[in-house]
Amino acid sequence: MPHLNKVGTALSGGSAGEPGSRSPLSRLRIALTVFFALDGFMFAGWVVRIPAIKQQTGASASALGLALLGVSAGAVVTMVFTGRLCRRFGSHPVTVLCAVLLSLSIVLPPQTHSALTLGLVLLVFGAAYGGLNVAMNSAAVDLVAALRRPVISSFHAAFSLGGMIGAGLGGLVAGGLSPAVHLSLLTGLGLLVTAVTGPTLLRHAAPVPEHTESERTESERTESERTEEGTEEEGAVPRRLDGRTRRLVLLFGVIALCTAYGEGAMADWSALHLTQDLDATPGLAAAGYSLFALAMTAGRLSGTALLERLGQTRALVAGGVTAALGMLVGALAPTAWLALAGFAVAGLGLANIFPVAIGRAGALAGPGGVAAASTLGYGGMLLGPPAIGFLAEWFTLPLALTTVALLAGAAALIGYAARNASAVPAESTRPADSTRPADSTRPADSVRPAEPAHRPELARPADE
């Protein structure tokens, strides 16, 4: 049975079985957790100052929405190329570089005085933000495979925790510091954290489990045999995923998009809704996203226990329904305090839908499924805010925010409709084995070591 002995050798100079061989992996996990938290902290610091920057630029709701589209455009364009950069230079150096760019670009929005210039500088900010998210998640996937533990949710919890702290501190200083001073301080803090934590990533390449090399060798050998024999034997490693698997991955990507839409909308519009529609003070308005992020953090930290108790489908459906009800209250509440309660409920509901959707896409199609669903998910997070802006201009901001509830309900319905999808394993990535039951029917701890380590927990029957 193959083991991950390459990881320990590559990182520590010893075999994987030695006691100290996991220490470098632990350091990498801590460093990545810090970068996830920094990403959430910086982004939250920006979003809580959007009302002040809107006033500074004199932009209308639709103009602000169009300017915020710069974040989406910059991020989407960067996401297309970041994967290639990670393959060429490694995900760790790209993560550090994007963290530096994010820290430098966050100081630009307060220097603008029109919606046009705001949109242009947000292109740069969005490019750094999108690149950092892709690079961090690529590094996290490699580390999860090396650790052979489903710890991916802990990274997303760190992002939420960073967002909560960033929004909370932003609310505290909103009345005393201008956006320019506040975001300049964030630039200094981001560069300092990157300087302290970045070397850990730069010293170590991303760990590569031995099974990855073994599967690549087997794939090349099988392809060579098929070429020599002129036939394609049953059970050989196919070169592409079948159409059904692609459609299912797309389906889970849509679920991720629906829920990430709500997270992006809350980040950019919750504070403005509280100040503009409910006459909340700047500090109380900043608490909206802070409570939302706190609820998401708590939900993700308890996500493993929730999934074990309810199963993936029930947890997904319950989360979607809870988020929909919470956002209806948050968007239509007559008072700021009731709206805050609704935002907290929505955060609890949305907390684990994104990780479940990404994980089930990975169980079906491996790392390719994770990448495809993640791209759709982050697209929803980045495209949601400008969509809310246009809807707010055509209707009202409270009605525009109800679309978050609508999409959360849609995610619950899609999740229930796809409840049996994980009953079909991602057999297209490895030779078929007719002597074993499907992977999705085996317990998580019985998955063969040669299979990707991020699949086991998410490969249980979806409706258990």
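Residues numbered from 1 in each chain as written. Predicted model: local features only at pLDDT ≥ 70, side-chain atom pairs only at ≥ 80, totals over all residues. Heavy atoms only, no water.

**Q** Please explain the overall build of the protein chain as it appears in this structure.
**A** Tallying secondary structure elements over the protein chain gives 17 helices and zero strands in all. Sorting the 464 residues of the protein chain into buried and exposed places 54% on the buried side. The long-range fraction of contacts in the protein chain, counting pairs at least 24 apart against all pairs at least 6 apart in sequence, stands at 81%. For the protein chain, the computed accessible surface area is about 19100 Å², with 65% contributed by carbon and sulfur atoms. (Helix = DSSP H or I, 4+ residues; strand = E, 2+ residues; numbered from the N terminus. Buried < 20%, exposed > 50% of the residue type's maximum accessible area, 1.4 Å probe, protein only. Contact = heavy atoms within 4.5 Å. Areas by Shrake-Rupley, 256 points an atom, 1.4 Å probe, with all protein chains shown as cover.)

**Q** In this structure, what is going on with the nonpolar core? I would like to understand it.
**A** It is characteristic of soluble globular proteins that their nonpolar side chains tend to be buried jointly. Residues Trp-46 and Leu-274 are the most contacted members of the largest nonpolar core, which totals 112 residues. Not counting chain neighbours up to four residues away, the residues in contact with Leu-274 comprise Asp-279, Ala-280, Leu-284, Ala-285, Gly-288, Ala-336, Ala-339, Leu-340 and Phe-343. (Core = buried A, V, L, I, M, F, W, Y, C linked by side-chain atoms within 4.5 Å.)

**Q** Please explain the environment of Gly-384 as it appears in this structure.
**A** Counting through the fold element by element, Gly-384 comes out in helix H16 (residues 367-394). Given a relative accessible area of 0%, Gly-384 falls into the buried group. Separated by 312 residues in the primary sequence, Gly-384 and Ser-72 place their C-alpha atoms 8.9 Å from one another.

**Q** How do you make sense of helix H8 (residues 179-203) when you look at a structure like this?
**A** Residues that lie three or four places apart on an α-helix share one face, since the helix turns once every 3.6 residues. In this model H8 runs 36 Å from its N-terminal to its C-terminal C-alpha over 25 residues, within 8% of the 36 Å that 1.5 Å per residue would give. A bend of about 40° at Thr-197 is the largest found in H8, and the proline Pro-199 appears one to four places after it. Taken as a whole, H8 has its buried residues at Pro-179, His-182, Leu-183, Leu-186, Thr-187, Gly-190, Thr-194, Thr-197, Gly-198, Thr-200 and Leu-201. Looking at the buried residues of H8, the elements they touch are helix H2 (23-47), helix H3 (50-57), helix H5 (91-105) and helix H7 (152-173). (Expected span 1.5 Å × (residues − 1). Bend = angle between axes of the 7 residues up to and from the residue.)

**Q** Even after reading the chapter, I still don't get the side chain of Asp-268, so can you show me in this structure?
**A** Position of Asp-268 among the secondary structure elements: in helix H10 (residues 243-278). One buried charge, Asp-268, has no salt-bridge partner; the nearest side chain with opposite charge is Arg-49, at 13 Å. Setting aside chain neighbours within four positions, we find Asp-268 in contact with Phe-43, Trp-46, Val-47, Ile-50, Leu-68 and Pro-385. (Lys, Arg positive; Asp, Glu negative; His and termini not counted. Salt bridge = Lys/Arg side-chain N within 4 Å of Asp/Glu carboxyl O.)

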